[in-house]
Amino acid sequence: MGNRVARDDYEWVSTDQPHTERRKEILAKYPQIKSLMTPDPNLKWIVALMVVAQLFVFLLLKDLDWKWIIFWSYTFGSLFSHSMTLAIHEIAHNAAFGNKRAYLNRYFGMFANLPLGLPFSISFKRYHMDHHRYMGGHGIDVDIPTNFEGWFFCTRLRKLFWVILQPVFYAIRPLWINPKPLTHLEITNVAVQLSFNLLVYYLMGIKPVVYMLAGTILGMGLHPISGHFIAEHYMFLKGHETFSYYGPLNLLTFNVGYHNEHHDFPSVPGSKLPLVKEIAAEYYDKMPQYTSWGKVLYDFIMDDTICPYSRIKRTLKDAKLD
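Note that the structure is a prediction, hence the values are computed from the model and not measured.

### Quick word on the environment of Asn94
Line of reasoning, step 1. Locating Asn94 in the fold gives a position in the loop between helix H3 (66–92) and helix H4 (102–113).
Line of reasoning, step 2. Judged by relative accessible area, which is 9%, Asn94 ranks as buried.
Line of reasoning, step 3. Each C-alpha atom, one on Asn94 and one on Pro39, is 7.1 Å from the other, the two residues being 55 residues apart in sequence.
Line of reasoning, step 4. Not counting residues within four places of it along the chain, the set of residues in contact with Asn94 comprises Asn99, Ala102, Asn105, Arg106 and Lys125.

### A few points about H3
Line of reasoning, step 1. Largest kink in H3: about 45°, centred on Gly77.
Line of reasoning, step 2. Positive backbone phi, at 60°, marks Asn94, one or two positions downstream of H3.

### Focus on the environment of Ile144
Line of reasoning, step 1. On the secondary structure map, Ile144 appears in the loop between helix H5 (121–133) and helix H6 (147–152).
Line of reasoning, step 2. For Ile144, a relative accessible area of 1% puts it in the buried group.
Line of reasoning, step 3. Once residues within four sequence positions are removed from consideration, Ile144 is found in contact with Tyr10, Gly136, Arg173, Ile177, Arg311, Ile312 and Lys313.

### Section: the UniProt feature "domain: Sphingolipid delta4-desaturase N-terminal" (unreviewed entry) in the protein
Line of reasoning, step 1. The UniProt entry lists residues 5–43 under the feature "domain: Sphingolipid delta4-desaturase N-terminal" (unreviewed entry), expressed in the numbering used here.
Line of reasoning, step 2. Summarising residues 5–43: 33% helix, 8% strand, and an end-to-end C-alpha distance of 42 Å.

### A word on the UniProt feature "transmembrane region" (unreviewed entry) in the protein
Line of reasoning, step 1. Residues annotated in UniProt with the feature "transmembrane region" (unreviewed entry) correspond here to residues 43–61, 68–87, 107–124, 160–179 and 199–222.
Line of reasoning, step 2. The span residues 160–179 shows a helical share of 85% and a strand share of 0%, and its end C-alpha atoms are spaced 27 Å apart.
Line of reasoning, step 3. Helix makes up 83% of residues 199–222 and strand 0%, and the two end C-alpha atoms of the span are 30 Å apart.

### Here's the deal with the side chain of Lys272
Line of reasoning, step 1. Among the secondary structure elements, Lys272 is positioned in the loop between helix H12 (259–264) and helix H13 (273–279).
Line of reasoning, step 2. Buried charge without a salt bridge: Lys272, with Asp40 as the nearest opposite-charge side chain at an N-O distance of 6.8 Å.
Line of reasoning, step 3. Within polar-contact distance, the side chain of Lys272 engages the side chain of Thr38 at 2.4 Å.
Line of reasoning, step 4. Excluding its chain neighbours within four sequence positions, the residues that come into contact with Lys272 are Leu36, Thr38 and Pro39.

### A few points about the packing of H3 against helix H10 (residues 206–219)
Line of reasoning, step 1. Between H3 and H10, the shortest axis-to-axis distance is 7 Å and the interhelical angle comes to 50°. Comparing their axes, H10 and H3 come out oblique. For the crossing formed where H3 meets H10, the hand is right-handed. For the pair formed by H3 and H10, the contact residues are Trp66, Ile69, Trp72, Ser73, Tyr74, Phe76, Gly77, Ser78, Ser81 and His82 on the first element and Ile206, Lys207, Val210, Tyr211, Met212, Ala214, Gly215, Thr216, Leu218 and Gly219 on the second.
Line of reasoning, step 2. Of the residues assigned to the contact of H3 with H10, the class counts are 11 nonpolar, eight polar and one charged.

### A closer look at the nonpolar core
In globular proteins that are soluble, nonpolar side chains generally tend to be buried together.
Line of reasoning, step 1. With 35 residues, the main nonpolar core has Val47, Met84, Trp162, Ile230 and Phe300 as its most contacted residues.
Line of reasoning, step 2. Contributing elements (two or more residues each) for this core: helix H2 (43–61), H3, H4, helix H7 (156–164), helix H11 (227–233) and helix H15 (293–302).
Line of reasoning, step 3. The dominant element in this core, judged by the number of residues it contributes, is H3, at six residues.
Line of reasoning, step 4. By size, the runner-up hydrophobic cluster in this structure holds 14 residues, among which are Tyr258, Val268, Val276 and Met287.

Basis of the calculations
- Per chain, residues are indexed from 1 in the order of the written sequence.
- With the structure being a predicted model, the display of local features is reserved for residues of pLDDT at least 70 and the display and counting of side-chain atom pairs for 80 or more, all residues being used for whole-chain, interface and lining totals.
- Calculated side-chain values reflect all of the structure's heavy atoms, with hydrogen atoms and water omitted.
- By the criteria applied, helices consist of DSSP H or I runs no shorter than four residues and strands consist of E runs no shorter than two, each listed in order from the N terminus.
- Buried means the residue's accessible area, taken with a 1.4 Å probe over protein chains only, is under 20% of the maximum for its type, while exposed means over 50%, and partly exposed covers the values in between.
- Any two residues having at least one pair of non-hydrogen atoms within 4.5 Å are treated as being in contact.
- Fitting one axis to the seven residues ending at a residue and another to the seven starting there, the bend at that residue is the angle between the two axes.
- UniProt positions are given in the numbering used here, feature names are shortened, and annotations may be inferred rather than shown by experiment.
- Only four residue types enter the charge count, namely Lys and Arg as positive and Asp and Glu as negative; His and the chain termini do not.
- Salt bridges are counted wherever a side-chain nitrogen of Lys or Arg sits within 4 Å of a carboxyl oxygen of Asp or Glu.
- Counted as a polar contact is a pair of N or O atoms within 3.5 Å, where, for protein atoms, one must be capable of donating a hydrogen and the other of accepting one, and residues adjacent in sequence contribute only when both atoms are in side chains.
- Note on method: axes are straight lines fitted to C-alpha atoms, helices fitted across the in-contact stretch only, with angles between N-to-C directions ranging 0 to 180 degrees.
- In this scheme, roughly parallel covers angles under 35 degrees and roughly antiparallel covers those over 145, while 65 to 115 is roughly perpendicular and the rest are oblique.
- Each helix crossing is assigned a hand: it is left-handed if the near helix lies turned anticlockwise from the far helix by less than a right angle, otherwise right-handed if that turn is clockwise.
- Only Asp, Glu, Lys and Arg are considered charged in this grouping, and only Ala, Val, Leu, Ile, Met, Phe, Trp, Tyr, Cys and Pro are considered nonpolar; every other residue, Gly among them, is considered polar.
- For our purposes a nonpolar core is just a set of buried Ala, Val, Leu, Ile, Met, Phe, Trp, Tyr and Cys residues, chained together by side-chain atoms within 4.5 Å.

Here it is in structure tokens:
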């Protein structure tokens, strides 16, 4: 458990991300994919139903013993919360109401954020767009771990704690790598979320609030579904920086497992990404892919060649940030 990982730096490259060129090549061959770049008409109804369902769970939990609050936070709340964070990911790509109604998507993202307890939908949108435009970009892409993370979390035991603490690092990393001034929408997101949390506390007590926050934090840490954080871009195979997963957990995660397809066509909602794979099968079938996010977590912790440094990183010029 104490063996130190051999890597002491990122995998630096001077090439552009592969998705840009592949997108052009696939669209030239299969222009019909452009017809998939439309909002998902079902997304807003699914999200609304999820919010209502979580409110119903709050009512069921408010009088339970604390041991059951913790139990349900991990077994159900974590699944729900992680699924909702990926609904917010879809909304960040304007999949709910389309690009022409961007502000409606932003406010709907705040609505989807309510049962998670922590206000992040607006900030996530700002930083996530940088991740797509400048993937791996030094000082820009906050999905890349910091030098401290790569240096310190370098043994199996430390990597285990790094996985558990993933939500903490995702929260503070933007402030360290690429801090941005607050916008009025971010302030609104915080105000709306705090008001909702206080309302839940006033009406139902502290237990639903703890369940809500614990589910969000636990679901992004040491949990099988959180394996997608590592599966998406960590370099388990040299030279490859994006990997897809086509297993059953896509049903709970708005098809985020179709990650090569998503980065190639970020304007295509998750519900239609399987069609992208089907249309351009000769591109995606031959790419390295995962069959289990849980195994990805296990391999990341136990493999002494993999650590937070196992990411492709590039220096970018003339990057235009918001």
